[in-house]
Amino acid sequence: MRSSTEEATVQADGQSRYDTGDRQAVKDREKLAKVRDERRLDGLKQIMSTPNGRLWMWSFLSDCGLFVTVFNGNSKDYFNLGQRNAAMPHFAQIQQHCMPEYMLMVKENANV
């Protein structure tokens, strides 16, 4: 059985509420965020470390229109820019953390 303080911190969907006034809860949340960011970066490095992963990433970035800027002068521009926006954070992380692999990916796809 839960205590009254535990009951007060559980939402209707069963999830615990995040108490920003609780220093330990804040530290725990920051630690969790840091671990998740490190895992995401490790995943990106794994993708960029293999030829198949680089081909997949090249296709993703290309399909999002990252390497072209096309303006049609109509509402489709908003869709195209939205797709491009989806790729930009990934591209920035690749440039920041995987530049040698990015250069290799460009060479591998130069004649495609």
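Residues numbered from 1 in each chain as written. Predicted model: local features only at pLDDT ≥ 70, side-chain atom pairs only at ≥ 80, totals over all residues. Heavy atoms only, no water.

A.B. asks: What am I meant to see in the overall build of the protein here?
C.D. replies: A count of helices and strands for the protein gives 5 helices and 0 strands. Relative to its full complement of 112 residues, the protein shows a buried share of 20%. Total accessible area computed for the protein in this model is approximately 8,800 Å², and 53% of it derives from carbon and sulfur atoms. (Helix = DSSP H or I, 4+ residues; strand = E, 2+ residues; numbered from the N terminus. Buried < 20%, exposed > 50% of the residue type's maximum accessible area, 1.4 Å probe, protein only. Areas by Shrake-Rupley, 256 points an atom, 1.4 Å probe, with all protein chains shown as cover.)

A.B. asks: Even after reading the chapter, I still don't get the packing of aromatic side chains, so can you show me in this structure?
C.D. replies: Two measures describe an aromatic ring pair: the distance that separates the ring centres and the angle between the ring planes. Enumeration over the complete set of coordinates arrives at 4 aromatic pairs. With a centroid separation of 4.7 Å and 20 degrees between ring planes, the pair formed by Trp 58 and Phe 67 is classed as stacked. Centroid distance Phe 91 to Tyr 102: 5.5 Å. Interplanar angle 70 degrees. Geometry classified as edge-to-face. In this pair, Phe 91 sits in helix 4 (residues 76-97) while Tyr 102 sits in helix 5 (residues 99-108), placing the two residues 11 residues apart along the sequence. Per residue, the accessibility class of Phe 91 equals that of Tyr 102, and both read buried. (Phe/Tyr/Trp six-rings, centres within 6.5 Å; stacked < 30°, edge-to-face > 60°.)

A.B. asks: How do you make sense of the environment of His 97 when you look at a structure like this?
C.D. replies: Take His 97: it is sitting in helix 4. Excluding its chain neighbours within four sequence positions, the residues that come into contact with His 97 are Leu 41 and Lys 45. (Contact = heavy atoms within 4.5 Å.)

A.B. asks: How should I be thinking about the confidence of the model for the protein in this particular structure?
C.D. replies: It should be kept in mind that the predicted coordinates are not to be read in detail where pLDDT is low. In the predicted model, the protein carries a mean pLDDT of 87, and the fraction of residues at 70 or more is 86%. Residue range residues 1-8 is modelled with pLDDT below 50. Its contacts to residues more than four positions away, or to other chains, number 4 contacts. (pLDDT = per-residue confidence, 0-100.)

A.B. asks: Help me understand the nonpolar core in this model?
C.D. replies: Generally speaking, a soluble globular protein has its nonpolar side chains buried in company with each other. Among the nonpolar cores identified, the biggest contains 13 residues, and Leu 44, Met 48, Met 57, Leu 61, Ile 94 and Met 105 are the most heavily contacted of them. Every element with two or more residues in this core is listed here: helix 2 (23-48), helix 3 (51-63), helix 4 and helix 5. Beyond its immediate stretch of four places on either side in the chain, Leu 61 contacts Leu 66, Phe 67, Ala 87, Phe 91, Ile 94 and Met 105. (Core = buried A, V, L, I, M, F, W, Y, C linked by side-chain atoms within 4.5 Å.)

A.B. asks: Can you help me understand the packing of helix 3 against helix 5 in this one?
C.D. replies: For any two helices packed against each other, one specifies the inter-axial angle together with the distance between the axes. Put simply, helix 3 and helix 5 touch, their axes get as near as 10 Å, and they point 80 degrees apart. In terms of orientation, helix 3 and helix 5 fall into the roughly perpendicular class. On helix 5, the residues that touch Arg 54, Met 57, Trp 58 and Leu 61 of helix 3 are Glu 101, Leu 104, Met 105, Val 106 and Glu 108. When the residues that make up the contact of helix 3 with helix 5 are grouped by side-chain class, the tally is 6 nonpolar, no polar and 3 charged. (Axes fitted to C-alpha atoms, helices over the stretch in contact; angles between N-to-C directions. Parallel < 35°, antiparallel > 145°, perpendicular 65-115°, else oblique. Nonpolar A, V, L, I, M, F, W, Y, C, P; charged D, E, K, R; others polar.)

A.B. asks: Just to check I follow, could you spell out a nonpolar patch on the surface for this structure?
C.D. replies: On the surface, Phe 67, Val 68 and Val 70 cluster together to form a nonpolar patch covering roughly 250 Å² of accessible area. Along the chain, the position of Val 70 falls in the loop between helix 3 and helix 4. Residue classification places Val 70 among the partly exposed positions, given a relative accessible area of 46%. (Patch = residues over 30% accessible without salt bridge, like charges linked within 9 Å, V, L, I, M, F, W, Y side chains within 5 Å. Salt bridge = Lys/Arg side-chain N within 4 Å of Asp/Glu carboxyl O.)

A.B. asks: Explain helix 2 here, please?
C.D. replies: Side chains of residues three or four places apart in an α-helix project in the same direction, reflecting 3.6 residues per turn. Over its 26 residues, helix 2 extends 38 Å from the first C-alpha to the last, a length consistent with the 38 Å expected when each residue adds 1.5 Å. Listed in full, the buried residues belonging to helix 2 are Ala 25, Leu 41, Leu 44 and Met 48. Measuring from the backbone nitrogen of Gln 24 back to the side-chain oxygen at the start of helix 2 gives 3.1 Å, which picks out Asp 22 as the cap. (Expected span 1.5 Å × (residues − 1). Polar contact = N/O pair within 3.5 Å; in protein donor to acceptor, adjacent residues only side chain to side chain.)

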